[in-house]
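One letter stands for each residue in the lines below.
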Amino acid sequence: MLNIETELHRCNRCGRCMSDCPVYLEETQESMTARGRLSLVEAYIQGKICLTHRFKHILSKCLLCGACSDACVAGVSVHEIIQWARTEITRKQKIRPLKQLLLQKFLEQDTFISQLLRQGLRINRQLHHLSKMPCPPKTTFMDNTSSFIPESQGGLRVGYFVGCIANHFFPHIGQATIHILKDGGCTIYVPRGQGCCGLPFFNAGDLGKACSLAMRNMDAMLKQDVDYVIVSCAACSSYLKDYKKLFGSDPKAQAFSSKVRDISEFLANELSYARRLKDKPFPAEAQTLRVTYHDPCHLKKRQKIFEEPRNLIQAIQGIDFVEMNAPDRCCGHGGSFHLEHYKLSLGILKHKMDDIKETGAQVVVTGCMGCLLQLKEGVNSEGLNTKVLHIAQLIDQYKGEPS
Ligand code: SF4
Ligand code: SF4
């Protein structure tokens, strides 16, 4: 568990992380720098300031992307301090009633969440006329997928954690993940007891609900005695690995988190899938595909996974891989940040879109559902022909027929 006061004292206010903060780069106010936010948190702990609207607003204007923590020469975990402060606010004041109600409904899952996401999207569209976010399909991934997909080759037993956005917005990405896991010889469980990973609650500072959702997911997966829990959203995989922090030394949480693998990590390291891809026969159209890759913050900064997706993409013969400028610059989605600070979110996205355009890539690949939503919105808003694909989609499309 992080000792907040010790961590705060480690920040020497040098300001070297300023140029890495996507919010500061847009707003250029000292209060939006990491040191500015940390000074406020310290003043709050010392009783010099109270929970003013301005203080809460400054804390909410953080993507929790971790770019500052990554850049910090003193190793200060800035995003964890900001997260802690948000939890403190929730503990003292409780979440705003409407936000609390909406988040609470995540617990009821399935039918309600579809409606919630659809309504949320419609409201977002009405509020922001420029919004070009995709509409969720009529049926979910869970509606159309068996809870058990056997494999006779005696391969690894994996549980697939779908996540809310893949389940409701991108069921085809879930299907692509299943195809690849099958191709890799895995026996696949898709436990029905799973639901939201709980990250929206955690980010909002509601630890009680975050823990109850985490417990439900752990029970659903561990019941199947799987070797690994596979996740195709970087935000979810990063957070599922953090369940062990949420529950301290609880052995169940330790066991669960140790089994979690992001899909690109699992394919590259456990299945040696890059080698398989190199040996596969490929469709002719793959020869001309120029591809670039956006590093999700939750994958590169939180999990240090960045070589694996590149190795997989580059293993697909005929793909002309080109790095964009600053591939790990945050796209500006940040979950509810996108809705709460819409204009700012789009301002941050603009830089990412400029970097993508400069590559001349036909396809931009990523591994986080929030990034996918954001990049698709960017591509649609700018009227580009660039395709935005999840890494599982790219691999599924170009892996050739099962061997
Ligand atoms: S976590 Fe990201 S948005 Fe928040 S202060 Fe750090 S760099 Fe800025
Ligand atoms: S968080 Fe680190 S890099 Fe940023 S101001 Fe503090 S010590 Fe400097």
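In case you missed it, the structure is sitting above this.
Notes on the structure in this doc start here. (Residues numbered from 1 in each chain as written. Chains lettered and ligands numbered in written order. Predicted model: local features only at pLDDT ≥ 70, side-chain atom pairs only at ≥ 80, totals over all residues. Heavy atoms only, no water.)

### A word on the site of ligand 1
Convention followed: Whether a residue is near a molecule or strand depends on its heavy atoms: if one lies within 4 Å, it is near. Helix and strand assignments come from DSSP, with helices taken as H or I runs of at least 4 residues and strands as E runs of at least 2, each series counted from the N terminus. All amino acids are sorted into three groups, where Ala, Val, Leu, Ile, Met, Phe, Trp, Tyr, Cys and Pro are nonpolar, Asp, Glu, Lys and Arg are charged, and the leftover types, Gly among them, are polar.
Taken together, C21, P22, V23, R37, C62, L63, L64, C65, G66, A67 and C68 make up the full set of residues near ligand 1. At the level of elements, α2 (22-27) and α5 (67-71) are the ones that each hand at least two residues to the shell around ligand 1. Counted by class, the shell around ligand 1 contains nine nonpolar, one polar and one charged residues.

### Some points on helix α4 (residues 53-60)
Rules: Exposed residues in this analysis have more than 50% of their type's maximum accessible area, buried residues have under 20%, and partly exposed residues fall in between, with area computed by a 1.4 Å probe over protein chains only. Whether two residues are in contact is decided by their heavy atoms: any pair within 4.5 Å suffices.
Three or more residues of α4 are buried, namely F55, I58, L59 and S60. In the core, the buried residues of α4 are packed alongside α3 (34-45), α6 (78-93) and α20 (336-340).

### A few points about the side chain of K61
Operational definition: Nitrogen and oxygen atoms within 3.5 Å of one another constitute a polar contact, given that in protein one can donate a hydrogen and the other can accept it, and given that sequence-neighbouring residues count only through two side-chain atoms.
Residue placement: K61 occurs in the loop between α4 and α5. Among the polar contacts made by the side chain of K61, one reaches the side chain of E27 at a distance of 2.9 Å. When near neighbours in sequence (up to four residues on either side) are disregarded, K61 contacts V23, E27, M32, R37, F337, H341 and L344.

### A look at the environment of W84
Along the polypeptide, W84 turns up in helix α6. Ignoring sequence-local partners within four residues, the contact set of W84 consists of I4, V41 and I45.

### Considering the sheet that holds strand β6 (residues 290-293)
Two orientations exist for strands paired in a sheet by backbone hydrogen bonds: parallel and antiparallel. What counts here: One bridge is not enough; two strands pair if DSSP finds at least two bridges between them.
Read from one edge of the open sheet, four strands run β7-β6-β8-β9, paired in parallel fashion. Edge positions in the open sheet fall to β7 (320-321) and β9 (387-390), since each of these has one partner strand only. Direction of pairing for β6 relative to β7: parallel, over a ladder of two bridges. Bridge assignment links R290 to a residue of β7, and that residue is D320.

### Describing the site of ligand 2
Lining the immediate environment of ligand 2, one finds C11, N12, R13, C14, G15, C17, R35, C72 and V78. Residues belonging to the shell around ligand 2 are distributed by class as follows: five nonpolar, two polar and two charged.

### Let's talk about the packing of helix α19 (residues 307-315) against helix α23 (residues 391-398)
Here is the rule we go by: Here the axes come from fitting lines to C-alpha atoms, over the contacting stretch only for helices, and the angles between their N-to-C directions go from 0 to 180 degrees. The labels follow the angle: roughly parallel below 35 degrees, roughly antiparallel above 145, roughly perpendicular from 65 to 115, and oblique for the rest. Each crossing is labelled by how the near helix is turned from the far one, with a counterclockwise turn of less than a right angle marking it left-handed and a clockwise turn marking it right-handed.
At their nearest, the axes of α19 and α23 sit 10 Å apart, and the two run at 25 degrees to each other. Between α19 and α23, the interaxial angle falls into the category roughly parallel. Relative to α23, the crossing made by α19 is left-handed. On α23, the residues touching P309, L312 and I313 of α19 are I391, L394 and I395. When grouped by side-chain class, the residues that make up the contact of α19 with α23 number six nonpolar, no polar and no charged.

### Considerations on unusual backbone geometry
In this structure, R13 is a non-glycine residue whose phi angle is positive, near 60 degrees. The exposure class of R13 is partly exposed, given its relative accessible area of 24%. Unlike most non-glycine residues, K304 shows phi in positive territory, near 60 degrees. Looking at K304, the relative accessible area reads 49%, which means it is partly exposed.

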